[in-house]
Every structure is written in C-alpha cells, then in structure tokens.
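# A closer look at the structure
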Amino acid sequence: MSRRLAAEALGTGLLLAIVIGSGVMGERLAGGNAALALLGNTLATGAGLVVLITIFGPVSGAHFNPAVSLVFALRRELSAGDAAAYVAVQLAGGIAGVLLAHAMFDLPILQVSAKLREGPAQAFSEAVATFGLIATILGSLRFRPQFTPAAVGLYITAAYWFTASTSFANPAVTVARSLSNTFAGIAPRSAPAFIAAQLAGAVVAMLLFGWLLSGAKPRKGKPHVV
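### Looking at helix 1 (residues 2-29)
With 28 residues, helix 1 should reach 40 Å at 1.5 Å per residue; the first-to-last C-alpha distance of 40 Å fits that figure. The first or second residue beyond helix 1 is Gly 31, which carries a positive phi of 60°.

### Section: a nonpolar patch on the surface
Where nonpolar side chains cluster on the molecular surface, the patch consists of Leu 36, Leu 39, Leu 43 and Trp 161 and spans about 390 Å² of accessible area. Considering each element in turn, the nonpolar patch owes the most residues, 3 residues, to helix 2 (residues 34-60).

### A look at unusual backbone geometry
One non-glycine residue, Ala 62, lies in positive phi territory at about 55°. Positioned with a positive phi, Ala 169 is a non-glycine residue whose angle comes to about 55°. One can find Ala 169 in the loop between helix 6 (148-162) and helix 7 (171-177). Ala 169 gets classed as buried once you look at its relative accessible area, which sits at 1%.

The rules behind these values
Residues numbered from 1 in each chain as written. Predicted model: local features only at pLDDT ≥ 70, side-chain atom pairs only at ≥ 80, totals over all residues. Heavy atoms only, no water. Helix = DSSP H or I, 4+ residues; strand = E, 2+ residues; numbered from the N terminus. Expected span 1.5 Å × (residues − 1). Patch = residues over 30% accessible without salt bridge, like charges linked within 9 Å, V, L, I, M, F, W, Y side chains within 5 Å. Areas by Shrake-Rupley, 256 points an atom, 1.4 Å probe, with all protein chains shown as cover. Salt bridge = Lys/Arg side-chain N within 4 Å of Asp/Glu carboxyl O. Buried < 20%, exposed > 50% of the residue type's maximum accessible area, 1.4 Å probe, protein only.

Structure, rendered in structure tokens:
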C-alpha cells in the first residue's frame with residue numbers, strides 16, 4: 001500500500017507540474033497568442049499522461065484523480081479506505097506539483113489564482129469532460145487494457161479543445177490549479193462548481209457504461225466498423 005500511495009502522489013505531482021509548467025512555457029513563448037499557448041499546454045499534458053499512466057499503472061492503477069478513485073470504489077474494485085487514502089495523496093501530490101512548477105519557472109511559490117472560470121456552461125463542460133474520461137477508462141480497460149494510457153492521453157488532448165472549460169476533469173487537478181495564478185489556473189471561487197460537476201459526470205458515466213459494457217466481450221478477428 002505504501003508503494004501504491006507513493007505512486008499516486010508522485011504521478012499526480014508530475015501531472016500538475018506538466019500542466020502548470022507547460023502552461024507557463026506556452027504563454028511565454030506564444031507572444032500573446034492564446035490558441036498557441038493552449039496548444040502547447042494540451043500536447044504536453046496529453047503526452048505526459050501517456051507516460052505517467054504507463055509507468056505508474058502497474059503499481060497503483062495510475063488514477064491521479066479522485067473522480068477515478070471514487071468510481072473504482074463504487075464499483076467495489078477499491079476499498080473505501082484505500083480510496084480515501086488515494087484521494088488524500090492525490091491532493092497532496094497535486095499541490096506539490098504546482099509548487100514544483102512555480103520553482104522551475106522562478107515564480108512566487110505560493111500563489112492563489114485570480115482566473116475566473118464561471119457559469120453553467122463551464123460547469124456543464126466539466127461534467128461532460130469527466131463523463132468522457134471515465135467512459136474512456138472503463139471502455140479501454142474492458143476491451144484494450146494495454147491501450148489505456150494512450151486512450152486517456154488522446155481523450156484529454158481532444159477534450160482540452162472541445163470543452164469550454166479546457167477539460168480539468170479531475171478534482172485534485174482543480175484544487176491544485178487554484179493555487180497557481182498562471183495560464184492554467186482557476187480561481188478558488190470557481191473550483192467548487194467544477195468539482196461538483198466532475199463528480200456528477202463520473203458517477204453518470206459509471207452507471208451508464210457499467211450497463212452498456214455488461215456482458216460485452218472483446219470481438220475476435222476483424223474489428224467491427226460502423
């Protein structure tokens with residue numbers, strides 16, 4: 001268990017260092033072009049997720065996300081006590097990753113974001129983003145488990161661009177990003193709505209895909225193409 005918790009803390013910390021660090025680097029190099037800055041942030045995050053899930057997946061499952069741990073606890077694939085411990089170290093690791101990114105870019109270590117991300121559309125976007133993330137995880141684990149790291153990385157890369165919120169899809173990421181007044185930050189007052197929407201989206205995806213995938217078996221031979 002100690003190794004699993006260390007993997008969750010380290011993986012979540014590195015994920016936040018990637019998110020915040022690439023946001024700072026992208027903004028500095030983009031010359032005021034927000035789309036270019038977001039593209040850099042997106043590519044780094046998606047690629048980083050593939051690597052981190054590949055490395056830490058065999059140790060802890062590479063959740064890095066309280067919404068994912070909640071889903072596995074509700075599915076009785078993770079005990080309530082283990083899920084609570086996962087969430088605690090994910091939060092701590094995420095905050096540490098933000099501080100690490102600040103140190104790397106010679107920024108004030110302790111910050112609070114002033115970047116408001118408010119409104120029903122933003123919260124709904126987070127529900128959709130997290131719904132898709134859980135669907136990606138459950139579907140890939142059911143049919144192509146070895147593809148899961150790539151599937152998650154690709155999904156988050158896409159979701160950065162098709163959701164109005166740029167797809168946080170993770171309560172630990174949301175809390176940690178509230179402590180960074182940088183390109184990837186979120187004001188603390190905006191965080192509760194994001195977190196509530198993320199948890200709601202995760203539970204809906206768990207219920208729907210639990211039913212949808214029940215009894216489904218990986219197809220043999222030539223893949224089915226619609």
